[in-house]
Amino acid sequence: LLAENGREAYSLPVLDSFLAGQPAHPRARVARANALQHLGRVADSLPDYEAALAQDPKLRAARSNYLLALLKARRVEPAMAQGRMLLDGHPGDIRALALYATAASAAGAADVYEHLVRPDDWPRAATPFGEAGPERDALHDQLIADIRNHPTFTREWDENRRAIRGGAVALDLLQSPTEAVLRFEAAIRAAVDGLIDSLATDPADPWRFRRPKRYDFVMWGNILDGPSHQSSHIHNLGWLSGVYYVAIPDSIAAADPDHGGWIEFGRPGYGLPEDLVAPEHYRLHLPEAGRAFFFPSHYWHGTRPYRGTGERVSIAYDVHVTEWQ
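Residues numbered from 1 in each chain as written. Predicted model: local features only at pLDDT ≥ 70, side-chain atom pairs only at ≥ 80, totals over all residues. Heavy atoms only, no water.

## What about the overall build of the protein chain?
(1) Moving on: Along its length, the protein chain carries 9 helices and 12 strands.
(2) Moving on: Here the C-alpha atoms of the protein chain give a radius of gyration of 21 Å, agreeing with the 20 Å that 2.2 N^0.38 yields for 325 residues.
(3) Moving on: The principal-axis extent of the C-alpha atoms belonging to the protein chain is close to 70 × 45 × 40 Å.
(4) Moving on: Across the 325 residues in the protein chain, those meeting the buried criterion constitute 50%.
(5) Moving on: Counted over contacts in the protein chain with a minimum sequence separation of 6, partners at least 24 positions apart contribute 73%.
(6) Moving on: Of the side chains in the protein chain, 34 bear a positive and 42 a negative charge, and the two mean positions are spaced by 5 Å. (Helix = DSSP H or I, 4+ residues; strand = E, 2+ residues; numbered from the N terminus. Rg over C-alpha atoms; globule rule 2.2 N^0.38 Å. Buried < 20%, exposed > 50% of the residue type's maximum accessible area, 1.4 Å probe, protein only. Contact = heavy atoms within 4.5 Å. Lys, Arg positive; Asp, Glu negative; His and termini not counted. Charge placed at Lys NZ, Arg CZ, Asp CG, Glu CD.)

What follows is the structure, given as structure tokens:
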């Protein structure tokens with residue numbers, strides 16, 4: 001409870017006392033390692049992860065957090081080994097794919113990175129409601145109103161659980177959905193279905209080796225303004241993710257050399273050193289009202305802050321697979 005409420009430093013004496021009596025308790029060892037990593041004591045966390053995994057090698061979340069800590073400590077080769085182990089045991093694990101790809105780039109294995117991420121293939125763009133016009137403009141106006149009036153609309157959240165920094169968010173648009181949101185969901189679902197049909201399965205691809213048969217959507221609305229932005233992140237529970245742009249201010253423009261307000265792919269997040277992924281792997285895309293992007297959920301992505309007035313309104317979504325073909 002202490003750790004879950006941001007009081008990791010206070011949890012350590014409790015864990016130390018417990019482990020003094022039960023040193024072979026792997027989950028307590030992991031809890032201690034997680035607290036140390038969260039406090040920035042990454043090097044101190046590694047022995048606890050190693051002890052826990054020696055006691056119980058099947059602790060998936062522990063191995064994933066150990067991999068993250070190894071990358072923060074720039075121990076690239078051990079991170080590569082842990083990433084391979086995670087993917088061998090849990091094919092398609094989104095977090096393992098992202099972290100293993102990051103380790104591959106840091107190790108100079110560009111071929112492995114490109115095989116895992118395919119940065120030249122993603123994101124895929126679509127215009128599910130066609131070009132600008134009165135009908136699409138009316139839908140956008142209604143979606144903005146529905147985001148602002150949604151019961152989950154808030155300007156406060158746990159930044160450890162959401163990537164948005166500043167601005168506001170409607171946390172779950174499919175909770176009590178409006179007519180406009182349902183229309184939006186249907187259009188995005190049609191685009192996702194078409195994308196799935198176009199993707200041939202590839203046994204050698206750790207993301208595309210299987211295809212969804214059934215899935216659920218999670219959708220949320222983001223409103224950013226100027227210095228607010230999305231920190232780089234992945235979607236751990238998704239398979240395919242995306243974003244649709246409802247409103248883009250004039251201050252976000254193709255001519256901006258700083259690419260303010262653009263969506264950026266490839267830059268690692270979660271406290272990882274950004275130079276673990278070589279800058280030539282980064283990709284920037286200009287958001288435009290009416291355009292949707294789709295990409296694998298393990299592809300690092302975020303937004304750049306922008307100058308000027310006007311709100312950047314988008315709807316993000318995840319495909320949560322419930323059954324595979």
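## Observations concerning the pattern of salt bridges
When their charged atoms lie close together, side chains carrying opposite charge are able to pair.
(1) Moving on: Counted according to the given criterion, the structure contains 20 salt bridges.
(2) Moving on: Residue R214 is joined to E323 by a salt bridge in which the shortest nitrogen-to-oxygen separation is 2.3 Å. Residue R214 is found in strand β5 (residues 212-225), and its partner E323 is found in strand β12 (residues 311-324); the two are separated by 109 residues along the sequence.
(3) Moving on: You can call E323 partly exposed: its relative accessible area is 30%.
(4) Moving on: Residue E264 is joined to R304 by a salt bridge in which the shortest nitrogen-to-oxygen separation is 3.0 Å. Taken together, the residues span a long stretch of sequence, with E264 in strand β8 (residues 263-265) and R304 in the loop between β11 (301-303) and β12 at a distance of 40 residues.
(5) Moving on: What you see here is one network of salt bridges that share partners, running through D16, R29, R32 and D48. (Salt bridge = Lys/Arg side-chain N within 4 Å of Asp/Glu carboxyl O.)

## Observations regarding the nonpolar core
(1) Moving on: In terms of nonpolar packing, the biggest core is built from 83 residues, with F184, V192, L240 and Y317 touching the most fellow members.
(2) Moving on: The dominant element in this core, judged by the number of residues it contributes, is helix α6 (residues 94-106), at 9 residues.
(3) Moving on: Once you skip the residues sitting within four places of it in the chain, F184 turns out to touch F129, L143, M219, Y244, I315 and Y317.
(4) Moving on: Of all hydrophobic cores here, the second largest spans 5 residues; its members include I164, V169, W220 and L224. (Core = buried A, V, L, I, M, F, W, Y, C linked by side-chain atoms within 4.5 Å.)

## Focus: the pairing of strand β10 (residues 292-296)
(1) Moving on: Of all 5 residues that make up β10, 5 are buried, and the element is covered over most of its length.
(2) Moving on: Residue alternation in β10 divides its side chains into two sets, A292, F294 and P296 and F293 and F295, and both sets are buried.
(3) Moving on: Pairing between strand β7 (residues 240-247) and β10: 5 bridges, direction antiparallel. Bridge pairing in β10 places V243 opposite F293. (Pairing = 2+ DSSP bridges.)

## Some thoughts on unusual backbone geometry
Glycine aside, a negative phi is what most residues show, and trans is what most peptide bonds show.
(1) Moving on: A cis geometry characterises the amide bond from W122 onward to P123, with omega recorded as 5°.
(2) Moving on: Its identity as a non-glycine residue notwithstanding, H259 has a phi of 55°, on the positive side.
(3) Moving on: With respect to the helices, strands and loops of the structure, H259 is situated in the loop between β7 and β8.
(4) Moving on: Owing to a relative accessible area of 22%, H259 belongs among the partly exposed residues under this scheme.

## Some words on the confidence of the model for the protein chain
Detailed conclusions should not be drawn from predicted coordinates in areas where pLDDT is low.
(1) Moving on: For the protein chain, per-residue confidence averages 93 on the pLDDT scale, and 98% of positions sit at 70 or higher.
(2) Moving on: Per-element averaging of pLDDT across the protein chain places strand β3 (residues 164-165) at the bottom with 73 and β10 at the top with 98. (pLDDT = per-residue confidence, 0-100.)

## A short note on the sheet that holds β5
(1) Moving on: On the basis of which strands lie adjacent, the open sheet formed by 7 strands has the order β1-β10-β7-β12-β5-β4-β2 and antiparallel pairing. Two strands bound the open sheet, and with one partner strand each, they are β1 (124-126) and β2 (153-154).
(2) Moving on: Pairing analysis gives 2 bridges linking β2 to strand β4 (residues 168-170), with the strands arranged antiparallel. What sits directly across from T154, in β4, is V169.
(3) Moving on: Where helix α8 (residues 134-148) meets the sheet, its contacts fall on β2, β4, β5, β7 and β12, and the angle it forms with β7 comes to roughly 105°. (Axes fitted to C-alpha atoms, helices over the stretch in contact; angles between N-to-C directions.)

## Re the packing of helix α5 (residues 76-89) against α6
(1) Moving on: Running from N to C, α5 and α6 point in directions that differ by 150°, and their axes come no closer than 9 Å. Relative to α6, the element α5 is oriented roughly antiparallel. Handedness of the α5/α6 crossing: left-handed. Residue-level contacts link V76, A79, M80, G83, R84, L86 and L87 of α5 to A96, L97, Y100, A103, A104 and A106 of α6. (Parallel < 35°, antiparallel > 145°, perpendicular 65-115°, else oblique. Left-handed = near helix turned anticlockwise from the far one by under 90°.)

## Brief notes about the packing of helix α1 (residues 8-21) against helix α2 (residues 26-38)
(1) Moving on: Their axes nearest at 10 Å, the elements α1 and α2 cross at an angle of 155°. Here α1 lies roughly antiparallel to α2, going by the angle between them. The hand of the α1/α2 crossing is left-handed. Facing E8, S11, L12, L15, D16, F18 and L19 of α1, the residues of α2 in contact are A28, R29, A31, R32, A35, L36 and H38.
(2) Moving on: Considered class by class, the residues forming the contact of α1 with α2 number 8 nonpolar, 2 polar and 4 charged. (Nonpolar A, V, L, I, M, F, W, Y, C, P; charged D, E, K, R; others polar.)

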